[in-house]
Amino acid sequence: MTVQLKALYLFLAIAALLILVFALAALSTTSSIPANASAASRLRKSFAILLGLVLLAALGLTLPNTPYPRQADVPEKVVFVVAKQFAFGLSETPITTEEQWEAVSSSAPLEIPAGALVEFRVTSFDVNHGFGVYTAGGRLLAQTQAMPGYVNRLRLRLDRPGKYPVLCLELCGMQHHEMRGAFVVR
Ligand SMILES: [Cu+2]
């Protein structure tokens, strides 16, 4: 089962539970029950404690899996990415001039070793673009924004050899739909 399908089933289960709770609450109001303020406040307090514990547990379980790179991890390869209307330039050395960008954006796809921790340093020469890495089958693997004046770092470890298309994920102009690049994992 894919993670998307699991998320859908979880969502449907929680939605069904909520509907059930609302239905029970609605049905319980057909006969009048005298209000008991102290019991209600006790119930509220235990709910607050329970919610706090659930949130703490969720934080404790998910925070160690934060997608942001740890300072101690050193990438095995650094790839410099510059987006520009309407192509991507990928290079092993920094791309600083238009001439360098023209050369790398029109050359053969860059090669990346399989299984290596790669850090993409993504920026733009003109407007905001999106740097979306896809599988050959068209599934989005990872993405970050390409912004002029900023360098966004995206770390990936790709085990499967093959060609990985790169698509722009930000409507950046008239030929946005044609803006693509690629790299090869070997
Ligand atoms: Cu673009």
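Residues numbered from 1 in each chain as written. Predicted model: local features only at pLDDT ≥ 70, side-chain atom pairs only at ≥ 80, totals over all residues.

Notes on the sheet that holds strand β2 (residues 87-91)
A sheet is described by the order of its strands in space; here four strands give the open sequence β2-β1-β4-β7, paired in mixed fashion. At either end of the open sheet lies a strand with only one pairing partner, and these are β2 and β7 (152-157). Neighbour to neighbour, the strand axes of the sheet diverge by 25 degrees on average, direction disregarded. Sheet topology places strand β4 (residues 117-124) next to β7; six bridges connect them, and they run antiparallel. Residue L117 lies in a different strand from β7, and its bridge partner there is R157. (Pairing = 2+ DSSP bridges. Helix = DSSP H or I, 4+ residues; strand = E, 2+ residues; numbered from the N terminus. Axes fitted to C-alpha atoms, helices over the stretch in contact; angles between N-to-C directions.)

Brief notes about the confidence of the model for the protein chain
Scored by pLDDT, the protein chain has a mean of 92; 97% of the residues are at 70 or more. Averaged pLDDT values for the elements of the protein chain fall to 92 in β7 and rise to 97 in strand β5 (residues 129-134). (pLDDT = per-residue confidence, 0-100.)

Some words on the sheet that holds β5
Ordered in space as β3-β9-β8-β5-β6, the five strands form an open sheet in which the pairing is mixed. Two strands bound the open sheet, and with one partner strand each, they are β3 (110-112) and β6 (140-146). Along the sheet, successive strands turn relative to each other by an average axial angle of 25 degrees, direction set aside. Sheet topology places strand β8 (residues 162-167) next to strand β9 (residues 180-185); six bridges connect them, and they run antiparallel.

Considerations on the environment of P75
Topologically, P75 is positioned in the loop between α2 (37-62) and β1 (77-84). A count of 17 C-beta atoms within 10 Å places P75 in the partly exposed class. Here the alpha-carbon distance between P75 and F120, two residues 45 residues apart in the chain, equals 9.6 Å. The contact partners of P75, leaving out residues within four places of it in the chain, are L117, V118, E119 and R155. (Buried ≥ 20, exposed ≤ 12 C-beta atoms within 10 Å, placed from the backbone. Contact = placed C-beta atoms within 7 Å.)

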